[in-house]
Amino acid sequence: MADIKYEIKQQIGTLSQSPKGWNKELNLISWNGKSAKYDLRDWAPNHEKMGKGVTLTTEDLKALRELLNGMEL
């Protein structure tokens, strides 16, 4: 598997923490030197390992916000 390089440009926030100490976080990340995108995934402490996640453009994030704002919880 190819090396994936990433740089966390901005830590936006933590949604939750698992019993094992991993955090579900929303961050702004540059993947392989490309422009930064919003990223939602689980991270081990100190960001040494990551779980599967979803990467969103600014437009995707705005659309998601609109969907969430329209939900009744």
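Keep in mind that what you see is a predicted model, and the values were worked out from it rather than measured.

The rules we used
- Residues numbered from 1 in each chain as written.
- Predicted model: local features only at pLDDT ≥ 70, side-chain atom pairs only at ≥ 80, totals over all residues.
- Heavy atoms only, no water.
- Helix = DSSP H or I, 4+ residues; strand = E, 2+ residues; numbered from the N terminus.
- Buried < 20%, exposed > 50% of the residue type's maximum accessible area, 1.4 Å probe, protein only.
- Contact = heavy atoms within 4.5 Å.
- Phe/Tyr/Trp six-rings, centres within 6.5 Å; stacked < 30°, edge-to-face > 60°.
- Pairing = 2+ DSSP bridges.
- Axes fitted to C-alpha atoms, helices over the stretch in contact; angles between N-to-C directions.
- Salt bridge = Lys/Arg side-chain N within 4 Å of Asp/Glu carboxyl O.

Each helix and strand counted, the chain has one helix and four strands in total. Each principal axis of the C-alpha atoms in the chain carries an extent, and together these give about 40 × 35 × 20 Å. Looking at the 73 residues of the chain, the share that counts as buried comes to 22%. When contacts within the chain are restricted to residue pairs at least 6 apart in sequence, those whose partners lie at least 24 apart make up 19%.

Moving on to the packing of aromatic side chains. According to the stated counting rule, one finds two aromatic pairs in the structure shown. On the basis of an interplanar angle of 50 degrees and a centroid distance of 5.3 Å, the ring pair of Tyr6 and Trp43 is categorised as tilted. Of the two residues, Tyr6 is situated in strand β1 (residues 6–17) and Trp43 in strand β3 (residues 37–43); the sequence distance between them amounts to 37 residues. For Tyr6, a relative accessible area of 30% corresponds to the partly exposed category. Members of the aromatic cluster, joined through ring pairs, are Tyr6, Trp31 and Trp43.

Here the focus is the sheet that holds β3. If you walk across this open sheet you meet the four strands as β1-β2-β3-β4, and the pairing is antiparallel. The sheet terminates laterally at β1 and β4 (50–56), the two strands that pair on one side only. Sheet twist, expressed as the average angle between the axes of neighbouring strands with direction ignored, equals 25 degrees. Both β3 and β4 contribute to a ladder of five bridges, which runs antiparallel. What sits directly across from Trp43, in β4, is Met50. Running over the sheet, helix α1 (residues 58–69) touches β3 and β4 and is turned about 90 degrees from β4.

Moving on, we come to the pattern of salt bridges. Scanning the model with the defined rule gives three salt bridges in all. The residue Asp42 makes a salt bridge to Lys24 at a minimum N-O spacing of 3.1 Å. Note that Asp42 is positioned in strand β3 and Lys24 in strand β2 (residues 23–31), a separation of 18 residues in sequence. Judged by its relative accessible area of 28%, Asp42 falls in the partly exposed class. Classification of Lys24 by relative accessible area gives partly exposed; the value is 31%. Among the salt bridges present, the one from Arg41 reaches Asp39, with a minimum N-O distance of 2.7 Å. Here Arg41 falls in the buried class, since its relative accessible area comes to 11%.

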